[in-house]
There are 2 protein chains.
Amino acid sequence: MATRSTRKLVSRLSNDDRTADIMAAARAVISAKGYENTLLSDIARQAGVVEGTIYRYFANKRDLLVKVVEVWFGEQLAIDSHLESISGTQNKLRYIAWRTLDIIRREPVLARFMLMELRPDPNYRSTAFFEMNRRFTHEVLALCRDAAERGEFLNDVSPNMLRDMLHGCIEHRTWAFLRGEGDFDIDEVADGIARVIYRGMFAQQVATRSDIGMAIARLEELAARLERKLDGG
Amino acid sequence: MATRSTRKLVSRLSNDDRTADIMAAARAVISAKGYENTLLSDIARQAGVVEGTIYRYFANKRDLLVKVVEVWFGEQLAIDSHLESISGTQNKLRYIAWRTLDIIRREPVLARFMLMELRPDPNYRSTAFFEMNRRFTHEVLALCRDAAERGEFLNDVSPNMLRDMLHGCIEHRTWAFLRGEGDFDIDEVADGIARVIYRGMFAQQVATRSDIGMAIARLEELAARLERKLDGG
DNA sequence: GGCTACTAATGAAGCCGATTCATTAGCGAA
DNA sequence: TTCGCTAATGAATCGGCTTCATTAGTAGCC
């Protein structure tokens, strides 16, 4: 097809090198132009190859972008040992929310891709991404479950619901941020979420009728003793 | 271009009639095949017109589908007078959440369109859809604000945050439903959301065990003082 | 150092939708 | 009945992704 004279090949690299090149190019393009505006031809140009070459390494455009975002997301998850050093369930909740919001603030394009492309995928649950995300959100589940077992939290709302409230609220806020509305005060948001969930689930040690009954009994006992003294004196 | 012999025109209708035909066809196709699988040619065939005709009435495919969803969403908002008859802030919250979940359950494809196409739109805030959605979510805002003013709710988390928690959680659950996971128990979800938010914000005027303990300590102190007087006297 | 086999890289062609626009035909007004 | 307007047409275009027969680096062998 192509004439001999126009053909020029770039150097032949190992599979790994070429894959890395293309993914780096894709990452650069996607983060510069946003997901919907990313063309395969842009990626190819940036990587210094031709569009067809990409299909030797990736099944299709979406496959490429998913792999890029998986790596990206994995990097975010890696930095993650601070949680244990925080004490108190409410503080832990606040930190988890804050950290998630912070990732979103730093990498809005990534966040958008997650929300738009990965989560709606019908077989999301069998993707590598799901597994990573599961580990990520597992913290909230474990935290709430522990609190319930220790008696700190009530038992009447499932930890899954609480996790969804936390992440759902974060995502809802994220959309406003991604559209460029307002100033995205992540401290305020994280604090509000943690506060409402914690207070909403806290198994408050309120006084019961029997507590009050005991108090009355004690007062009656004291009064009786005084009375005896007065009578006797 | 076209030869005289092959050309056949459908009857010419008023603009409104033809617009309605196309929108009805679009709605049928999108709800049968899902948004990503909806082709303009499907819609045209269903409407009994040719693809090009659609461009006389709508700027492009997206414009058509947005208008379809706007009308649909408007219908949902119309049925909406039950809320006032419900008493109690928590019950109202539960009803609002339940009703939203119910709309989603009945029209999952359109719900998906809202979440995927309308909300991410950069000029979402200037769309008719935003205005409708504002009225829709305004109920939650008003409810929480009123409760705060009456002293039923605490003042330390903004009503906007609470609204986002409610809708965020609903949306998060919706994705799982749209992917066909689990059974989408909307009663449980609505109840959980309302419960956590209500309890989390309720300005609880109850006595705690420590309050009663302090009271008892104070009484014992008084009793001791009396006793000393009697003993000394 | 030349030859061969292997396969990475090429890029033109194919394909599949949305979108455009010159042409045609229905319809109401004069 | 004719005329003018414009709704409807559908072939052509366009803009992406994807395929695949062809070309050319490269490593291994003698």
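These numbers were taken from a predicted model, which means no experiment stands behind them.

## Observations regarding empty space enclosed by the protein
Space left empty within the atom packing is revealed by a probe, the size of a water molecule, rolled over the atoms. Counted under the stated rule, the structure contains 1 cavity of 30 Å³ or more. Roughly 40 Å³ of volume is contained in the largest cavity. Taken together, A:Arg119, A:Gly168, A:Glu171, A:His172, A:Trp175, B:Arg119, B:Gly168, B:Glu171, B:His172 and B:Trp175 make up the full set of residues lining the largest cavity. Of all the secondary structure elements, the ones that give two or more residues to the lining of the largest cavity are α8 (159-178) of chain A together with α8 (159-178) of chain B. Of the residues contributing to the lining of the largest cavity, the split by class is 2 nonpolar, 4 polar and 4 charged.

## Notes on a nonpolar patch on the surface
Together, A:Leu219, B:Leu219 and B:Leu222 make up an exposed nonpolar region whose accessible area comes to about 190 Å². Among the structural elements, B:Leu219 can be located in helix α10 (residues 209-232). A residue is classified by how much of its surface remains accessible, and B:Leu219, at 31% relative accessible area, is partly exposed.

## Some words on the nonpolar core
Core analysis: the largest hydrophobic core is formed by 64 residues, its most contacted members being A:Leu93, A:Phe153, A:Leu166, A:Ile193, B:Leu93, B:Leu166 and B:Ile193. At the level of elements, α5 (89-106), α7 (128-150), α8 and α9 (186-201) of chain A together with α5 (89-106), α7 (128-150), α8 and α9 (186-201) of chain B are the ones that each hand at least two residues to this core. When sequence neighbours within four positions are dropped, the list of residues in contact with A:Phe153 reads A:Thr89, A:Leu93, A:Cys144, A:Ala147, A:Ala148, A:Leu162, A:Tyr198, A:Met201, A:Phe202 and A:Ala203.

## Details of the relation of the copies chain B and chain A
Take chain B, turn it by 179 degrees, move it 1.0 Å along the axis, and it overlays chain A with an RMSD of 2.5 Å. Each copy turns onto its partner about a two-fold axis. Taken together, the interface assignments show that 86% of the residues at the interface of chain B recur at the interface of chain A, consistent with an identical surface on both copies.

## A closer look at the interface of chain B and chain A
Listed per partner, the contact involves 50 residues of chain B and 50 residues of chain A. Across the interface of chain B and chain A, roughly 4600 Å² is buried in total on both sides, 61% from carbon and sulfur atoms. On inspection of chain B and its partner chain A, the count reaches 8 salt bridges. Here A:Asp156 makes a salt bridge to B:Arg195, at a shortest N to O gap of 2.9 Å. Secondary structure elements with two or more residues in the side of chain B that touches chain A: α6 (108-118), α8, α9 and α10 of chain B. It is α8(B) that contributes the most residues to the side of chain B that touches chain A, 12 residues altogether. Of the residues assigned to the side of chain B that touches chain A, the class counts are 24 nonpolar, 9 polar and 17 charged.

## Description of the confidence of the model for chain A
Residue and element names in this part refer to chain A. Here chain A averages 86 in pLDDT, while 92% of its residues score no lower than 70. Across chain A, helix α2 (residues 40-47) holds the top mean pLDDT of 96, while helix α10 (residues 209-232) sits lowest at 76. Segment residues 1-6: pLDDT under 50, and 1 contact once partners within four positions in sequence are set aside and those in other chains are kept.

## What to know about the packing of helix α4 (residues 61-78) of chain A against α7(A)
All names here are of chain A. One can describe the packing of α4 onto α7 by two numbers: an axis separation of 11 Å at closest approach and a directional angle of 15 degrees. What the angle tells us is that α4 and α7 run roughly parallel. Where α4 crosses over α7, the handedness of that crossing is left-handed. For the pair α4 and α7, contact is made by Glu70, Phe73, Gly74 and Leu77 and by Ala128, Phe129, Met132, Asn133 and Phe136, respectively. Tallied by class, residues from the contact of α4 with α7 come to 6 nonpolar, 2 polar and 1 charged.

## Examining the pattern of salt bridges
Inspection of the entire model under this criterion finds 47 salt bridges over all chains. For the salt bridge of A:Arg45 with A:Asp42, the shortest nitrogen-to-oxygen distance reads 3.5 Å. Placement of the pair is A:Arg45 and A:Asp42 together in helix α2, with a separation of 3 residues, close to one helical turn. A:Arg45 sits in the exposed class, given a relative accessible area of 58%. A salt bridge links B:Arg62 to B:Glu117, with the shortest nitrogen-to-oxygen separation between them at 3.6 Å.

## Regarding a negative patch on the surface
A cluster of acidic residues, A:Asp183, A:Asp185, A:Asp187 and A:Glu188, forms a negative patch at the surface. The class of A:Asp187 is exposed, set by a relative accessible area of 52%.

## Focus: the environment of A:Val69
One can find A:Val69 in helix α4. For A:Val69 and A:Arg56, which are 13 residues apart along the polypeptide, the C-alpha to C-alpha distance reads 19 Å.

## Remarks on the packing of aromatic side chains
If you walk through the whole model with that rule in mind, you get 13 aromatic pairs over all chains. Between A:Tyr198 and A:Phe202 the ring centres are 5.5 Å apart and the planes differ by 20 degrees, which places this aromatic pair in the stacked class. Judged by its relative accessible area of 14%, A:Tyr198 falls in the buried class. Consider the rings of B:Phe177 and B:Phe184, whose centres lie 4.1 Å apart with planes at 15 degrees: the pair is stacked. Overall, the relative accessible area of 9% leaves B:Phe184 in the buried class. An aromatic cluster is built from A:Phe73, A:Tyr124, A:Phe129 and A:Phe130, whose rings are joined through pairwise contacts.

## Thoughts on the domain arrangement of chain A
All names here are of chain A. Entries for chain A in the domain assignment read domain 1 (13-70) and domain 2 (81-201). Once you take the C-alpha centre of each, domain 1 and domain 2 turn out to be 30 Å apart. The interface is formed by 10 residues belonging to domain 1 together with 11 residues belonging to domain 2. Buried area between domain 1 and domain 2, summed over both chains or domains, comes out near 960 Å², and the portion from carbon and sulfur atoms is 63%. Across the domain 1-domain 2 interface, the total number found is 3 salt bridges. Put simply, domain 1 and domain 2 have 4 residue pairs in polar contact (both at pLDDT 80 or more) between them. If you list the elements that add at least two residues to the side of domain 1 that touches domain 2, you get α1 (15-33) and α4. Looking at which element gives the most residues to the side of domain 1 that touches domain 2, the answer is α4, with 5 residues. Each residue belonging to the side of domain 1 that touches domain 2 can be placed in one class, and the counts come to 5 nonpolar, 2 polar and 3 charged.

Calculation rules
- The residue numbers shown here count from 1 along each chain, following its written sequence.
- Both sets of labels track the order of writing: A upward for chains, 1 upward for ligands.
- In view of the model being predicted, local features appear only for residues whose pLDDT reaches at least 70, and side-chain atom pairs are presented and counted only at 80 or more, with totals across whole chains, interfaces and linings using the full set of residues.
- Heavy atoms throughout the structure, all of them, feed into the side-chain values; hydrogens and water do not.
- Lining residues are those with an atom within 4 Å of a point, where the points come from a 1 Å grid over the protein atoms alone and group into cavities, where a 1.4 Å probe fits but cannot get out, or pockets, open sets with protein on both sides within 12 Å along at least five of seven lines.
- Grid points are joined across faces, edges and corners, and a volume is the space filled by probe spheres set on the points.
- Strands are runs of DSSP state E lasting at least 2 residues, helices are runs of H or I lasting at least 4, and numbering of each runs from the N terminus.
- In the scheme used here, Gly and all other residues not listed as nonpolar or charged are polar, with Ala, Val, Leu, Ile, Met, Phe, Trp, Tyr, Cys and Pro taken as nonpolar and Asp, Glu, Lys and Arg as charged.
- Patch criteria: residues need more than 30% relative accessible area and no salt bridge. Like-charged residues are merged within 9 Å; nonpolar side chains of Val, Leu, Ile, Met, Phe, Trp and Tyr are merged within 5 Å.
- Computed by Shrake-Rupley with a 1.4 Å probe, the accessible areas treat only the displayed protein chains as cover when residues are assessed.
- The working definition used for a salt bridge is a side-chain nitrogen of Lys or Arg within 4 Å of a carboxyl oxygen of Asp or Glu.
- Under the scheme applied here, a residue whose accessible area is under 20% of the maximum for its type counts as buried, over 50% as exposed, and between as partly exposed, the area being computed with a 1.4 Å probe on protein chains only.
- Each nonpolar core is a collection of buried residues, namely Ala, Val, Leu, Ile, Met, Phe, Trp, Tyr and Cys, held together in the definition by side-chain atoms within 4.5 Å.
- The contact rule is simple, with two residues in contact once any of their heavy atoms fall within 4.5 Å.
- A residue counts toward the fit only if its pLDDT is at least 70 in both copies, and the copies are then superposed by least squares on the C-alpha atoms of those residues.
- Reported buried area values correspond to the accessible surface (1.4 Å probe) lost by two parts on association, with both partners' losses combined.
- Per-residue confidence from the prediction method is given by pLDDT, with values spanning 0 to 100.
- Helix axes use the C-alpha atoms of the stretch in contact, all axes being lines fitted to C-alpha atoms, and the angles between their N-to-C directions lie in the range 0 to 180 degrees.
- When describing relative orientation, an angle under 35 degrees is termed roughly parallel and one over 145 degrees roughly antiparallel, while 65 to 115 degrees is termed roughly perpendicular and anything else oblique.
- Handedness of each helix crossing follows the sense of rotation of the near helix against the far helix: counterclockwise by less than a right angle gives left-handed, clockwise gives right-handed.
- All tallies of charge rest on Lys and Arg as positive and Asp and Glu as negative; His and the ends of each chain are not included.
- To locate a charge, the coordinates of NZ of Lys, CZ of Arg, CG of Asp or CD of Glu are taken.
- Between the rings of Phe, Tyr and Trp (Trp by its six-membered ring), a pair exists once the centres lie within 6.5 Å; its type follows the angle of the planes, with under 30 degrees stacked, over 60 edge-to-face, and the other angles tilted.
- What counts as a domain boundary in this text is fixed by an automatic or database domain assignment.
- The term polar contact refers here to a pair of N or O atoms within 3.5 Å; inside protein, the definition further demands a hydrogen-donor-capable atom paired with an acceptor-capable atom, and it admits residues adjacent in sequence only when both atoms are side-chain atoms.

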